[in-house]
Amino acid sequence: MAALGFRLRLTLFVVTTIVAVQALTAVLVTQITRHQLIAEGGRQLTMSANTFVNQLDDISARVAESVQVLALDYALRAAIAQRDRDTVLSVLRNHGRRVGATRMLMIGLDGSIQADTAASGSGLQRFPFPELMDSAFTRRTAAVVALDGKAYWMVVVPIYAPQPVALVAAGIPVDDAFLARMQRLSALPKDIQLIAQTRTAAWEVVARSDSHIDLLGGLSAAGHPLAEQPVLETVDGREYLVLARALGDPRAGAPVQAIIGYSLDDALRPYKSVLSTWLGLLALGLLVGLAGAWLIARGVSRPVEALAASVRRIERGDYSAPALIDREDELGQLAAAFSTMTLAIRQREEHIRFQALHDAVTALPNRSAAEAAIQCSLHEHDSGALLMVGLTRMPEIIKTVGHALGDRLMRDAAERIREATTRGVVARASDTSFLVWLPEADRTAVIALALHLIDVLNPPYQERDVSIDVVPAVGIALYPRHAADTSELLQRAEVAQFAALRVPEAVAFYDAASDPHRPGRLSLMGDLREAIAHDDVALHYQPKLNLRSGVIDSAEALIRWQHPKLGPVPPDAFITLAEETGNIHRVTRWALASAIAQLQRWLAQGLNVRVAVNLSARDLHDPELPRRIADLLTLHQVEARWLELEITESAVIGEPAAAIQVLRELAGLGLHVAVDDFGVGESSLAYLRKLPVHALKIDKMFIQRLATDASDRMIVHSIVELAHRLNHRVVAEGVEDAAALAYLGEVGCDHAQGHHIAAAMPADHFASFVAHFGTAPSAC
Ligand code: C2E
Ligand code: CA
Ligand code: CA
């Protein structure tokens, strides 16, 4: 609307300016013209009045001369002498016709009327203008007089015989016809009236011109006196300059005056046509001005409106059509600059948006972009699978070779994943992982893709002479089975990916049972703390058979928890949870205390068994552990040699020096250290040689299939041999059948543990179980 306002304002300005200038000019011109016309009219009026008076003088001279001729008429003089009234009247009439007089009078020297050509019965006895008679004897005498309600140009001439005998007065009527004649003879103004003063001293019109303008009426209505100078007055709604002039000798009889009018309106008429032309021109000028102003305003406001519209579009994030205006002027330049700016903003915004939604290294969508895409896809599809592809060795690789090579490696992996994935969304999920979202995918297709991804990522990354294995693992979470929304789906896929690390095919579906993040986990930890505090957990003991002596000379303490609501909770479920939540120290402390106390009881009974307690990797981070164990042993008066600690391979491989130091201190106490689950990790015997390790527990994975699997047999055989060479005892766990037991005996394995011998049992049962086997006098 601001643009319209601008147009309106400009138009109004132009119109107002035009009208104001024109109006001012018009007023000035009119005023000056009028002024000029009044001056000019006054001059003309005065001139006309003078001319008129002069003309009347001429006429009076001519009439006087003709009447003078009459005075010399013999017949008239004889008739006067003979008092022959009829002859006198006849002569007078003849003369009267000649000079245009309608009334001829014969006046006696005493002023009495002796003959009158007027119709009989006018009743005029005496000549009413004695002054005229007096002056007639001395000079030519003529005056306009009013007589019997009519105006006459009265010329009085004495008649001598030879003495004055009478006077003759010729009355030429001063009427409309007279005026018309006068106007014909000279250039008299058309508005003219002759007025005479009646006996009542009032002025009345005796003759008027054709125009029939009542100048006298106008003057008296306006209260103007009869002025000799022109005055301005309005008659019948029209403006006149009016001037009065006395005719003839004012002393002679009743005065007669001529009122002459000069019509300003008439004088202005030529100018009026100029005015109407001027008005026409003004209207035209206005129209052109209006159109011009409108067009100019539009010319300015249109591009401005277009630019404003463009700005509003940019505000909405739409850069599609920047305002391009083909103009050469400043607005064109502005539009061009604006357009360039819009383009720059668009590019910058696109760049920023790309950066915000993409990973800078691989140019794949980043995690938040992927989340949005999955969210979107969940609106459209009822199901889908999220594959979390982790490159598990990445942190280690970056530590070793640096970020630059790490980035190149990630780019290469991204490319491989992109090529392997024909549909769905591929994105970077974290520093070390990618994700693939497959909407509407069935389980088989998902597994196929996951295995394919493992296959394409398995070949090492090659760069010059460097070859790097990334060790991929794929975790899969299904929607809606495993998660209700996107963030849950991502979290579950990550959990599955960690689980995938532990399986040989490196692909795992999400499993709620092994999810450390599953709901209820924290309350489970709370329950565990309670259980430990109230001794609601117990240690069961699984016998270990000495294969040389054939007796049970040791046992592994395994924790058992009977949850009041959940029933028995498997150690695998809560031990890992306790490790992750930092509660493992409590478990270890309790297990050590409980096992050492039990040892003390058994030893006191004469049951000589070495009891192995499981330690978790985190326990080795506790520098207080050796002192605590020493205190417990002292407290229960148990020699250290009866206690064994089982530590998994991963707890000792690649651990910091502090953990190794704790291990050394423990061994220094005189207790035994066994490496648990040996064979599944990456440790080498050569490495273990440097550590204070007394025994190796071959993982049950190798033992369970001894009867059927020749390669397992070979592995177990080699481990036993090598371990013995390095002075380590060998324990086989997971002995489930007699064949395995027999083979272990054959290859010289030291101890066997497994369901085939016995499952873990409460401490109470243990003594009788051992008794059944027979107790060895000494285990060492
Ligand atoms: P582990 O140390 O490898 O313990 C051996 C596991 O194998 C035990 O499971 C035992 O019951 C089971 N087992 C024994 N013989 C056989 C057999 O012939 N066949 C099969 N299939 N399994 C057999 P459990 O008791 O469920 O313990 C699981 C894990 O929990 C243990 O694995 C150990 O790592 C951990 N754990 C148990 N008690 C404690 C504890 O007091 N402290 C710590 N830190 N960890 C414990
Ligand atoms: Ca163990
Ligand atoms: Ca084990």
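Just so it is clear, the structure is predicted and the values come from calculations on it, not from any experiment. (Residues numbered from 1 in each chain as written. Chains lettered and ligands numbered in written order. Predicted model: local features only at pLDDT ≥ 70, side-chain atom pairs only at ≥ 80, totals over all residues. Heavy atoms only, no water.)

Draft legend 1. Quick look at the nonpolar core. Ranked by internal contacts, the top residues of the largest apolar core, which has 85 residues, are Tyr541, Leu620 and Phe766. In terms of residue count, the dominant contributor to this core is helix H16 (residues 584-605) (nine residues). (Core = buried A, V, L, I, M, F, W, Y, C linked by side-chain atoms within 4.5 Å. Buried < 20%, exposed > 50% of the residue type's maximum accessible area, 1.4 Å probe, protein only. Helix = DSSP H or I, 4+ residues; strand = E, 2+ residues; numbered from the N terminus.)

Draft legend 2. Region of the structure containing the site of ligand 1. Around ligand 1 lies a shell of 20 residues, among which Gln542, Arg560, Asp676, Glu736 and His755 are the nearest. A distance of 3.1 Å separates an oxygen atom of ligand 1 from a polar side-chain atom of Glu556. Between ligand 1 and Lys700 there is a distance of 3.0 Å, counted from an oxygen atom to a side-chain nitrogen or oxygen. For the shell around ligand 1, the secondary structure elements donating two or more residues are strand S19 (551-563), helix H15 (571-580) and strand S23 (672-678). The class makeup of the residues in the shell around ligand 1 is six nonpolar, six polar and eight charged. (Near = heavy atom within 4 Å. Polar contact = N/O pair within 3.5 Å; in protein donor to acceptor, adjacent residues only side chain to side chain. Nonpolar A, V, L, I, M, F, W, Y, C, P; charged D, E, K, R; others polar.)

Draft legend 3. Main features of the pairing of strand S8 (residues 231-235). Bridging between S8 and strand S9 (residues 238-247) involves five bridges; their strand directions are antiparallel. If you follow Leu232 over to S9, its bridge partner there is Leu241. (Pairing = 2+ DSSP bridges.)

Draft legend 4. Local environment of the pattern of salt bridges. Tallied over the full model, the rule gives 25 salt bridges. Notably, a salt bridge pairs Arg103 with Asp116, separated by 2.9 Å at the nearest N-O pair. Of this pair, Arg103 sits in strand S1 (residues 103-108) while Asp116 sits in strand S2 (residues 113-116), placing them 13 residues apart in sequence. Arg103 sits in the buried class, given a relative accessible area of 6%. Residue Arg408 is joined to Glu463 by a salt bridge in which the shortest nitrogen-to-oxygen separation is 2.6 Å. With Arg408 in helix H11 (residues 403-420) and Glu463 in strand S14 (residues 461-463), the pair connects residues that are 55 residues apart, well separated along the chain. (Salt bridge = Lys/Arg side-chain N within 4 Å of Asp/Glu carboxyl O.)

Draft legend 5. Inspection of the coordination of the calcium ion (ligand 3) at higher detail. The coordination sphere of the calcium ion (ligand 3), as far as protein atoms go, consists of Asp676 (OD), Asp677 (OD), Glu733 (OE) and Glu733 (OE), spread over 2.2 to 2.5 Å. Read in sequence order, the donor residues for the calcium ion (ligand 3) give the motif D-D-x55-E. The metal-metal distance between the calcium ion (ligand 3) and the calcium ion (ligand 2) is 4.1 Å, with Asp676 serving as a donor to both. With Asp676 in strand S23 and Glu733 in strand S25 (residues 729-733), this residue pair connects regions lying 57 residues apart in the sequence. Pair check on accessibility: Asp676 and Glu733 agree, each one buried. (Donors = N, O, S within 2.8 Å, 3.2 Å for Na, K, Ca; no water.)

Draft legend 6. Summary view of a nonpolar patch on the surface. Together, Leu281, Leu284, Leu287, Val288 and Leu290 give the surface a local cluster of nonpolar side chains, amounting to about 490 Å² of exposed area. With respect to the secondary-structure elements, Leu284 resides in helix H7 (residues 264-315). (Patch = residues over 30% accessible without salt bridge, like charges linked within 9 Å, V, L, I, M, F, W, Y side chains within 5 Å. Areas by Shrake-Rupley, 256 points an atom, 1.4 Å probe, with all protein chains shown as cover.)

Draft legend 7. A look at the coordination of the calcium ion (ligand 2). Surrounding the calcium ion (ligand 2) are the protein donor atoms Glu556 (OE), Asn614 (OD1), Glu646 (OE) and Asp676 (OD), at 2.0 to 2.4 Å. All donors of the calcium ion (ligand 2) belong to a single chain; written as a sequence motif, their spacing is E-x57-N-x31-E-x29-D. You can call Glu646 buried: its relative accessible area is 1%.

Draft legend 8. Spatial organisation of the domain arrangement of the chain. The domains assigned to the chain are domain 1 (58-174), domain 2 (381-514) and domain 3 (532-773). Between domain 2 and domain 3, the C-alpha centre-to-centre distance is 35 Å. (Domains from an automatic or database assignment.)

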